[in-house]
Every structure is written in structure tokens, then in C-alpha cells.
There are 2 protein chains.
Amino acid sequence: MTGQFATGQVAAQVHIPPMPARSAGYDVVIRAGVLDELAPHAAATGAARYVIIADDNVSRLFGEAARASLQQAGLVTDLVAFPAGEAHKTRETWQRLGDRMLALGCGRDSCIIALGGGVTGDLAGFVAATFMRGVPFLQVPTTLLAMIDASVGGKTGVDTAAGKNLIGAFHAPTVVLADPRVLNTLPSRELRSGLAEAIKHGAILDAEYLAWIEEAGPALRRGDEASLEHLVRRSVEIKAGVVAEDPLEHGRRAILNFGHTVGHALEQLSAYDIPHGFAVGIGMVVEASIGEVLGITAGDVRQQLARVLRLLELPAAPGAVLAPQLFQAMLLDKKARRARPRAVLLSATGSVAPTNDGGWTHEVSEDVLAEALHSTLSGSRFV
Amino acid sequence: MTGQFATGQVAAQVHIPPMPARSAGYDVVIRAGVLDELAPHAAATGAARYVIIADDNVSRLFGEAARASLQQAGLVTDLVAFPAGEAHKTRETWQRLGDRMLALGCGRDSCIIALGGGVTGDLAGFVAATFMRGVPFLQVPTTLLAMIDASVGGKTGVDTAAGKNLIGAFHAPTVVLADPRVLNTLPSRELRSGLAEAIKHGAILDAEYLAWIEEAGPALRRGDEASLEHLVRRSVEIKAGVVAEDPLEHGRRAILNFGHTVGHALEQLSAYDIPHGFAVGIGMVVEASIGEVLGITAGDVRQQLARVLRLLELPAAPGAVLAPQLFQAMLLDKKARRARPRAVLLSATGSVAPTNDGGWTHEVSEDVLAEALHSTLSGSRFV
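Keep in mind the model is a prediction, meaning the values are calculated, not measured.

(A) How the structure looks around the sheet that holds strand β5 (residues 110-116) of chain B. In space, the 7 strands of this open sheet follow the order β1(A)-β2(B)-β9(B)-β6(B)-β5(B)-β3(B)-β4(B), with mixed pairing throughout. Of all the strands in the sheet, just β1 (13-16) of chain A together with β4 (77-82) of chain B have a single pairing partner and so form its edges. Going from strand to strand, the sheet's axes swing by 15 degrees on average, the running direction of each strand aside. Here 5 bridges tie β5 of chain B to strand β6 (residues 137-141) of chain B, and the two strands are oriented parallel to one another. The residue of β6 of chain B that forms the bridge with alanine 114 of chain B is glutamine 139 of chain B. Sheet strands in contact with helix α3 (residues 91-103) of chain B are β3 (49-55), β4 and β5 of chain B, and its direction is about 160 degrees off that of β4 of chain B.

Shown next, in the form of C-alpha cells:
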């Protein structure tokens, strides 16, 4: 050893402390008209410049007005659009958006505003997560599904040929502004697709809420602002409660996947032609039926789910799908283990059934699926 | 309002709590022979399968042996190589690596082992940060620069045409295994490039350490294992101390940029032909000279830096570079503000000079740069 230090004087290993949380959490603000307050919420981030990211449809509907409101507040703001649709939620679009921001001269002191549905939130959120190793972003969901689902939990990401959301990051927004007023600009099937997720929130955790959705069904279907506002609030509360207990999805957060094992498989088999919420609605009915076959789910659950779905003009039974096909598609689900798909099952409305070993997903065999599917298909003539 | 809930019964906004830190920090283990313990360190992550990412050079040198050691320990392990060189630290390579992992069937329970220099750590770390929204990774640096610089701080990322490290994420490794024994397989200029960063650590924070480097210079140059081990430990300790105080680089962490404002500019002007450490070495001398011109840096600092650099066979003065060119290139640095480059300046060896307003970077005018450059060039004949 040369010099004044002996080897023993420094540690054999050096501990690097964890990085601190990058935020103190965030608020989802739900109020008719809150979109008018976008500029002060943006200014609160203290960023030097702002980039609104929207798909070309939303850009036309709300983009220019949003940019104008920020510019009037003295904020340097650009509006960047990308082609609408899940097919564009890719690394290629993500790369183009990052390059566009670099070309605009954006630095670490920029802030992104994700204005749009779930695709935009996931994609623009992933741009925010990775631009200069992370910049703040505001989320302004313009669909019901994005308001009650994608706005809570900090998940961002893109799809690849191998599947949905396989590349991404956890990156929480600074604030989420959910304005139920924009929902009345949505096509009916977009609104209904979101209602299916709200039904899921009631089904897994709050039987009273599910009963309220049924009662409020007609008002919800005609776009009643107060009813939609209540629905968004209660659904966000429920999802937030689950996410708070298991933020990185190691355990119980899986219950939010009720209806999704079958639902994702139906989406995949339809080549994503069926809207996500429609598929989840049917998935809940089939998974309730699976639970019945396994002796886990009470018999009235499936009937109640089917009744509420129909009331909201959502499909409540699968079309002509064969069990072997569906089983194979279910194996692509992230919850699958040892070549067996797994599903979240209810014991009763508002109660998820844990497994014997404390888990939240139950193994599904092809035989059980076939039986469940058969009774769902034949049952659909009567309920 | 329909149904049993009144609007007032749910909150007008819902607070989403922050996500918890994803790790409890990590250890940098520095010991000759520690590479032999890769398998137990990997197994400790509890992952279901492992992917070693290395460039094609390192893959040839160490890749197969590393894979064999993991497989012998019963761990399912793949080795994935990418073309060596900073030119491949891109989103395209990142995308190919992610796709390769998906094709291998890797899921959320995978673990990445980044085996190589700084490019590999940054690139494979970014793959780990974004694969299925983040999987654990082990860092096994095989260059001195990667051991003492990239292994501390959790920065991952890739370059774009607009600049270096512009896209990325903070994602800390599970553990860093730094084995000084592998350094003797390095080309001399790789080793010397790393020594320049170690000199920087002494220059900014530890005059005794800088004196030790000078004393141990001959041993370091011939690759003495114990001396290299000591150097890695002390440099990691110093960098870890700075990063712990300012993990997200909001303030004082900037002092690690000493020598880098000029250094990055020289790299850029050479089209990245000059090794990073060589450029930083020259950058430190020029920035010491800038500090002298501004009356901030003591006159002996530049001489000491030049002396140690020469002892370690590193260049200590810029080649024929014109001040206006260099000034323009310095403006591309992330620390630049209001069209003026900024540099970290020393008051004396081991002491960074704060600015009057408590900042850590000083504005540099083109005149000051020209004067500093002139005295560095002419001085280089004598010191």
C-alpha cells in the first residue's frame, strides 16, 4: 500500500441511501368546471415552460383553448399532438414526442400537461417520466375511464407487439383535474366503457355504491353532471384506497383486476375492436360464473352484475367464443403462473375472496372456464 | 341527485399518497475477487430469471463466465449483447434490449445484470427502469470510471441526437459489485480516463486524497490491485457523500461537475474522439485557470492538477482550441443560463467556491475564458 491511507481506513462497502420520494402525493380534483382552472394549477409547478400533449382529436376539441388559457396567464406553452388511438401508444410515438420537446428547447424545468384519455395519460406520463430523467406533469383526463382509472396510481407506459403496457414507469402526476363537464362531449360508447369500471369498483369493495349506480343508471346514461361527478369521486376514492395500501402492486392491488383476466383476453381475441370497458363488463360476468363453478361466488352476484350492465347499455355476456381460445388468450395475462391463468373472484357483491394462502387471485383450469362460459352463454338468454 | 349518496358525502378532491421509496438504498461492494460472488448476490434478489446485458467486447471477456456462474447456482440466466460504444447508447438499442427480454419471456420477476462500463450501466439501467415499469438490476462495472462515477447516484439513460443522457430515469441498482481485479484487463487509456475522475474527487473535496493519488501515482499506473481498490473505495465514498446530500441534483451535487463544463465542450468539439476522463482532466486545468482569472482560485491549484495529471500520463492542457469555439460548445452544457456557460470553481484544492447567492456554479464570460485559455496554453510549456 502506498501513501498515507491504509486500506482498512475506508469501508469495504459503501452504502448509498435511497432516493427520497419525488412528491408528497397529489390531489385528484373532481369538479364540474375545474378545467377552467388549468392555468393556475400549471403555474403552481413553477416550471419555466409547458407542453400540452394531446391526441389530434382532443387537440382539436380542447387543445387550443387550453394553450390559450395558459398563454393568457403568461406561461410559455406549446401544444403537441399525436395520432389518436391505442395503436399509437408506442415507443415510436414516445420517442417522437421527446424529440419534439428537445427541438422546442425544453429543459429540466419544463412541465407536461397530459390532456386526453387513458392512452394520452399513459403515453405523455411516460414522456414526463423519462424526459431529462423526469419532469413534472399534470393529468387532465377527458374520458370517464381515464378519470376513474388511469388518473390514480402513477402508472405510465406504452404497448409493444408483445402486449399492453409492457414498457413504462411509475411516475405520479402533480395534480389531476377531472372535469365531469367534458364527459358530455364523449361518444356514448366511451362513456359506457367508463361506467363498466365504476361497476367494478362497487363490485369489489362497495355493495352500496353498486346499488347506487343501478339506481342512478338512467341519470348516468343521459350524462347528468351531478351524478357523473358523484360517480367519479366515489370511484377515485375506492381506487385510491386500494392503491394506497399497495402502491407498487405486490399484493392486494390485484383486486382491481376483477373482470380483467377474461376482459383482456376478449380484447385480445377481438384485436382490440371491443372497447376496454365493454370487455371488462363481460369479463366480470364470466369471472362471477367461474366463482360460482368453484363454489366461491354467491349465485346472485352474476345476476346483479348482468342487470346493472344491461341497464347501462353494456354487453353482459360474451359473443361466440370457445373456451380453448379464451383459455389460451387468458394465459397472456400478467397474473398467469405455471401455465394457468388466474382471476380475482368475489365471494359476494362488495367482497373479494382471498385464497387459502392469503393471495388475491385464483387459478382457473380450462374445464372450469368451459363450464363457466357455458352457463354464462345459456344464462344470458334468461337474466 | 339520485340514490342514497348525497354529493357532499364524498370529498371534492381525493388525495393520493406518495409512492414509497422502492429500495432501502444499496451497497457498493469494493473488493478484489468480488466478481466471483455474483451468483449469490443475484440470487438474493429472489428473481425468477436473470438477464446479463453487456456490450459485445465485455460479453466476450466476462459474459460467458458470468452466465455460467449463475447457471451453476441454479439461476435461469440469459446473456444479451449489444454493439460496444457510446454511439449505441440510444433509444433504439434500449428498445431492442426490451424486445429481446420480452421474446425470452421475461416478466416482472426478472432481474437485469448490467455488466460493463458506463454505457452499459446507463443503458441496461434504463432498460431495468422501464421494463414492466421497473425490475431490479445489479451493476457490475468493469471500468474504473464506471466504478467510481456511474455506480453511484441511480442515474440511468440514453443519448439522443440533441445531446447526452437527455432521456432516462433515476433507478437505483440493488447492489454494485466493483472488482478492481477486472481493471487490469482494461486498455491503458480506459484506466487513465477513470483516474482523472478520481483526481476530481480529491480536487473538490479532499486535498489529502489528491496528495495520496499523487504519491500512489506510479503504483496506480502499473495497475497495483491494492492501490486501485483504495482509490475506488475513497472515490465512491466521496461521491456517495455528495449524492446523499442532494440525490435529485437540485443544488450542491453540481460540484461533481468540476472540470465538466469545459470537459464536455472539448468532447463535443472532438466529436467524442477524446475519452471522457481526458477531457475532464484538461477541463479541470482550464477551469482552475478561469478561477484564477476571476480571483477565486488559488494559483497553486492549477499547477498541482497539471502535475498529477501528467504523472498519470493524462493530458493537462487543451490542444489548439479557440476561445469562441469553446465558448459556444460550453453553452450546450445543462448548467448554462441566460446564454452564459457556468462552471464549478475551486477556492483551493479540496474546496469548492460557493457563489455569493449560495449557488455552486459561476458564470463564465467569453473574455474570461479567452484569458484563462491563453494562460493555460502558454503555461503548459512550463509547468
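Further notes follow.
(B) Here's a closer look at the interface of chain B and chain A. Listed as interface residues are 78 residues of chain B and, on the opposing side, 77 residues of chain A. Approximately 7,100 Å² of surface area, both sides summed, lies buried where chain B meets chain A, with 61% of it carried by carbon and sulfur atoms. Of all residues in chain B, Ile16, Met19 and Arg133 of chain B bury the most surface against chain A, accounting for 12% of the area lost on that side. Taken together, the links from chain B to chain A amount to 2 salt bridges. For the salt bridge of aspartate 99 of chain B with arginine 91 of chain A, the shortest nitrogen-to-oxygen distance reads 2.6 Å. Our enumeration of links across chain B and chain A arrives at 24 residue pairs in polar contact (both at pLDDT 80 or more). The dominant element in the side of chain B that touches chain A, judged by the number of residues it contributes, is helix α9 (residues 225-245) of chain B, at 10 residues. Of the residues belonging to the side of chain B that touches chain A, the class tally is 42 nonpolar, 20 polar and 16 charged. In this sheet, strand β2 (residues 26-30) of chain B lies alongside β1 of chain A in antiparallel orientation, the contact comprising 4 bridges. Bridge assignment links glutamine 13 of chain A to a residue of β2 of chain B, and that residue is valine 29 of chain B.

(C) View of the packing of helix α3 (residues 91-103) of chain A against helix α4 (residues 118-130) of chain A. Residue and element names in this part refer to chain A. Where α3 meets α4, the axes come as close as 10 Å, and the angle between the chain directions of the two elements is 55 degrees. It follows from the interaxial angle that α3 and α4 lie oblique. As α3 runs across α4, the sense of the crossing is right-handed. Residues Thr93, Trp94, Leu97 and Met101 of α3 form the contact with α4, whose own contacting residues are Leu123, Phe126, Val127 and Thr130. Among the residues forming the contact of α3 with α4, the class breakdown is 6 nonpolar, 2 polar and no charged.

(D) Here's a closer look at the environment of leucine 345 of chain B. Residue and element names in this part refer to chain B. Its place among the elements puts leucine 345 in the loop between β10 (342-343) and β11 (346-348). Overall, the relative accessible area of 0% leaves leucine 345 in the buried class. Between the C-alpha atoms of leucine 345 and glutamine 304, which are 41 residues apart in sequence, the distance is 15 Å. If we ignore the near neighbours within four places in the chain, the residues touching leucine 345 are Glu287, Ile290, Gly291, Leu294, Ile296, Thr297, Val352, Ala353 and His362.

(E) Representation of the side chain of threonine 376 of chain A in the model. Residues and elements named next belong to chain A. With respect to the secondary-structure elements, threonine 376 resides in helix α13 (residues 366-379). Residue classification places threonine 376 among the buried positions, given a relative accessible area of 2%. Setting aside residues no more than four positions away along its own chain, threonine 376 makes contact with Val285, Val286, Ser289, Arg302, Ala317 and Pro318.

(F) Quick peek at the sheet that holds strand β3 (residues 49-55) of chain A. Strand order in this open sheet of 7 strands is β4(A)-β3(A)-β5(A)-β6(A)-β9(A)-β2(A)-β1(B), and the pairing throughout is mixed. Edge positions in the sheet fall to β4 (77-82) of chain A together with β1 (13-16) of chain B, since each of these pairs with one other strand and no more. Here the strands of the sheet are splayed against their neighbours by 15 degrees on average, with no regard to which way each runs.

(G) Up close: the confidence of the model for chain A. Residues and elements named next belong to chain A. When pLDDT is averaged across chain A, the result is 91; 95% of the residues are at 70 or more. Here residues 1-9 scores under 50 on pLDDT; set against residues more than four positions off or in separate chains, the count is 25 contacts. For this predicted complex, the interface confidence comes out at an ipTM of 0.89, alongside a pTM of 0.90.

(H) Examining the relation of the copies chain B and chain A more closely. Take chain B, turn it by 179 degrees, move it 0.0 Å along the axis, and it overlays chain A with an RMSD of 0.1 Å. Here the transformation between the copies is reduced to the relation of a two-fold axis. Comparing interface residues between copies, 99% of those in chain B also lie at the interface in chain A; the contact surface is shared.

(I) The packing of helix α10 (residues 260-269) of chain B against helix α13 (residues 323-330) of chain B, seen in detail. Residues and elements named next belong to chain B. At a closest axis distance of 8 Å, the pairing of α10 and α13 adopts a crossing angle of 105 degrees. It follows that α10 is roughly perpendicular to α13 by the angle criterion. In contact with Thr261, Val262, Ala265, Leu266, Gln268 and Leu269 of α10, α13 contributes Gln325, Leu326, Ala329 and Met330. Split by residue class, the contact of α10 with α13 holds 7 nonpolar, 3 polar and no charged.

(J) Expanded view of the packing of aromatic side chains. Following the criterion strictly, the structure yields 5 aromatic pairs over all chains and no others. For the ring pair tyrosine 209 of chain A and tryptophan 212 of chain A, a centre distance of 6.1 Å and an interplane angle of 10 degrees mean the geometry is stacked. Taken together, the positions of tyrosine 209 of chain A and tryptophan 212 of chain A, both in helix α7 (residues 207-221) and 3 residues apart, correspond to about one turn of that helix. We classify tyrosine 209 of chain A as buried; its relative accessible area is 0%. An aromatic cluster of at least three residues, connected via ring pairs, comprises Trp94 and Phe126 of chain A together with Trp94 and Phe126 of chain B. Cation over ring: arginine 252 of chain A sits above tryptophan 360 of chain A, and NZ or CZ is 5.5 Å from the ring centre.

Conventions used here
- Residues numbered from 1 in each chain as written.
- Chains lettered and ligands numbered in written order.
- Predicted model: local features only at pLDDT ≥ 70, side-chain atom pairs only at ≥ 80, totals over all residues.
- Heavy atoms only, no water.
- Pairing = 2+ DSSP bridges.
- Helix = DSSP H or I, 4+ residues; strand = E, 2+ residues; numbered from the N terminus.
- Axes fitted to C-alpha atoms, helices over the stretch in contact; angles between N-to-C directions.
- Contact = heavy atoms within 4.5 Å.
- Buried area = accessible area lost by both parts, 1.4 Å probe.
- Salt bridge = Lys/Arg side-chain N within 4 Å of Asp/Glu carboxyl O.
- Polar contact = N/O pair within 3.5 Å; in protein donor to acceptor, adjacent residues only side chain to side chain.
- Nonpolar A, V, L, I, M, F, W, Y, C, P; charged D, E, K, R; others polar.
- Parallel < 35°, antiparallel > 145°, perpendicular 65-115°, else oblique.
- Left-handed = near helix turned anticlockwise from the far one by under 90°.
- Buried < 20%, exposed > 50% of the residue type's maximum accessible area, 1.4 Å probe, protein only.
- pLDDT = per-residue confidence, 0-100.
- Least-squares fit on C-alpha atoms with pLDDT ≥ 70 in both.
- Phe/Tyr/Trp six-rings, centres within 6.5 Å; stacked < 30°, edge-to-face > 60°.
- Lys NZ or Arg CZ within 6 Å of the ring centre and 35° of its normal.

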